[in-house]
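# Coordinate inspection notes
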Amino acid sequence: MRLKKLLKTAISATLYHSGLHRALRSRNALTILTYHRVLPCDDSRYLNEQPGMVVQPDTLAMHLRVVSKYYTLIHLDEWVSRYQNGAPLPSPACAITFDDGWADNFEYAYPILKAAQVPASIFIVTDMVGKEYQFWPGRLAAIIRHHRLPQQLFEQDAHPGIHWLLQLLPAPIAQFQPSTAAIDAIIEHAKMFSDHEVTQHVSHIETLLGFSGNSSSHTPEMLSWEQINTMTEDGLIKIGSHTRSHARLNQLLPEQDMRSEIEQSSIAIKHRTGISPSLFCYPNGDHTPLAIELVSNQYHAACSTIPGVNAPGQLELHLLKRFTMHEDISDNESLFICRILGLF
Ligand SMILES: [Zn+2]
């Protein structure tokens, strides 16, 4: 892994010195960047988070400096509205988005965005606002890292949660090591189950291991409505929907639940902020034709996790492409530029 990073760093530096960054200016398209959490590396929340979910504040500030040099930064909903109305579009353009609605977006990202006057959209999960950590991938990762788990795996294989977890292990129990790669593999494997099933199993194992509640943290991990309203006051930050509960909009989700996730989250945002959200974002990028249809009925545009740029005339407004950013693949300027050019 380390070697891969060194190699990418060396290649990106060489490309940068040969003038790669000029390619950014020539793009007649909208580039959308995706962030999740913004935390300094000495914060306990950083240490407990999966690497693919976080950038450090200095890295975010560097990204904004770079994109400001090459792109016109614009609110995603403004770009969409201009596109729909046939108004002139800035080119090349870039929009910044944050998924999930983490409290650290207020603590660390908002001051940086405000200082640089960079507009951004935050996609919130309305039932989780002001709550502790509830996303099952992170809870499952915490279970796998728990020091008592190996013993429970050996002793309690009849426990429904442990029995379920045993099926997901990438190696026999005796050889199992809770590495980042193993944790990622287990999370991916667990996605074959519905969110409801996974959450139930995760809750049972947490009880068995003696976890108190869903979070090991002392403070709510998600934004509060107060923080949301502070950030949106002057219009620099806008709020979109990322469903009610972060349910994946796939074939495993009943239609009634899918409707509720898409429609009720919009109602909650309108009720708590006074503004109807015009943008949506699919949790985990999952979408079915029905999900796209329901989202299209409710929102002007929606973000996917498909990597790429959005060229006018060749884009799907309810499946906008984005580039996901995290610390490992974007912590210096040349790596970041390669990432937004879709090279890594
Ligand atoms: Zn999400």
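Procedures and definitions
Residues numbered from 1 in each chain as written. Predicted model: local features only at pLDDT ≥ 70, side-chain atom pairs only at ≥ 80, totals over all residues. Buried ≥ 20, exposed ≤ 12 C-beta atoms within 10 Å, placed from the backbone. Helix = DSSP H or I, 4+ residues; strand = E, 2+ residues; numbered from the N terminus. Arc of directions from axis to C-beta. Contact = placed C-beta atoms within 7 Å. Pairing = 2+ DSSP bridges. Domains from an automatic or database assignment. Nonpolar A, V, L, I, M, F, W, Y, C, P; charged D, E, K, R; others polar. Right-handed = clockwise from strand over helix to strand, strands pointing away. Core = buried A, V, L, I, M, F, W, Y, C linked by C-beta atoms within 7 Å. Axes fitted to C-alpha atoms, helices over the stretch in contact; angles between N-to-C directions. Parallel < 35°, antiparallel > 145°, perpendicular 65-115°, else oblique. Left-handed = near helix turned anticlockwise from the far one by under 90°.

The subject of this paragraph is helix H14 (residues 289–298). Helical periodicity: at 3.6 residues per turn, an α-helix aligns residues three or four positions apart in one direction. Here H14 has its buried residues at Ala291, Leu294 and Val295. Seen end-on, H14 carries its buried residues on one side only, within an arc spanning 100°. Exposed side chains of H14 directed beyond 90 degrees from the buried face belong to Pro289, Glu293 and Asn297. For H14, the secondary structure elements touched by its buried residues are helix H13 (255–273), strand E8 (279–281) and strand E9 (301–303).

Quick look at the pairing of strand E1 (residues 30–35) now. Within E1, six of the six residues are buried, which leaves the element mostly enclosed by the surrounding structure. Pairing geometry for E1 and strand E5 (residues 93–100), over six bridges, is parallel. Each bridged residue has a counterpart across the sheet, and for Leu33 the counterpart in E5 is Ile96.

Our focus in this paragraph is the domain arrangement of the protein chain. Considered domain by domain, the protein chain is made up of domain 1 (2–129 + 223–340) and domain 2 (136–209). Using only C-alpha atoms to locate each centre, domain 1 and domain 2 end up separated by 30 Å. Each partner contributes residues to the interface: domain 1 has seven residues there, and domain 2 has six residues. Partitioning the side of domain 1 that touches domain 2 into residue classes produces four nonpolar, two polar and one charged.

This paragraph deals with the pairing of E5. Among the eight residues that make up E5, eight are buried, leaving the element largely enclosed by the rest of the structure. Here strand E4 (residues 72–73) pairs with E5 via two bridges, running parallel. Residue pairing across strands places Leu73 opposite Cys94, the latter belonging to E5. Crossover E4 to E5 through helix H5 (residues 76–85) is right-handed. Where E5 lies against strand E6 (residues 120–124), five bridges are found, and the strand directions are parallel. Paired with Thr97 across the bridge in E6 is Ser121. What joins E5 to E6 is helix H6 (residues 103–116), and the crossover it makes is right-handed.

Before going further, it helps to examine the nonpolar core. Formed by 69 residues in total, the largest nonpolar core has its most connected members in Ala95, Ile124, Leu223 and Ala302. Per-element tally for this core: the top contributor is H6, with six residues. If you look at the next biggest cluster of nonpolar residues, it comprises 16 residues, including Ala142, Ile144, Leu165 and Val198.

At a closest axis distance of 10 Å, the pairing of helix H4 (residues 57–70) and H6 adopts a crossing angle of 30°. The pairing of H4 with H6 is recorded here as roughly parallel in orientation. Remark: the crossing between H4 and H6 carries right-handed chirality. Facing H4, whose interface residues are Pro57, Leu60, Ala61, Leu64 and Ser68, H6 presents Tyr108, Ala109, Ile112 and Ala116.

In this fold, Pro150 is placed in helix H8 (residues 149–155). It is 7.6 Å that separates the C-alpha atoms of Pro150 and Ile173, two residues lying 23 residues apart in sequence.

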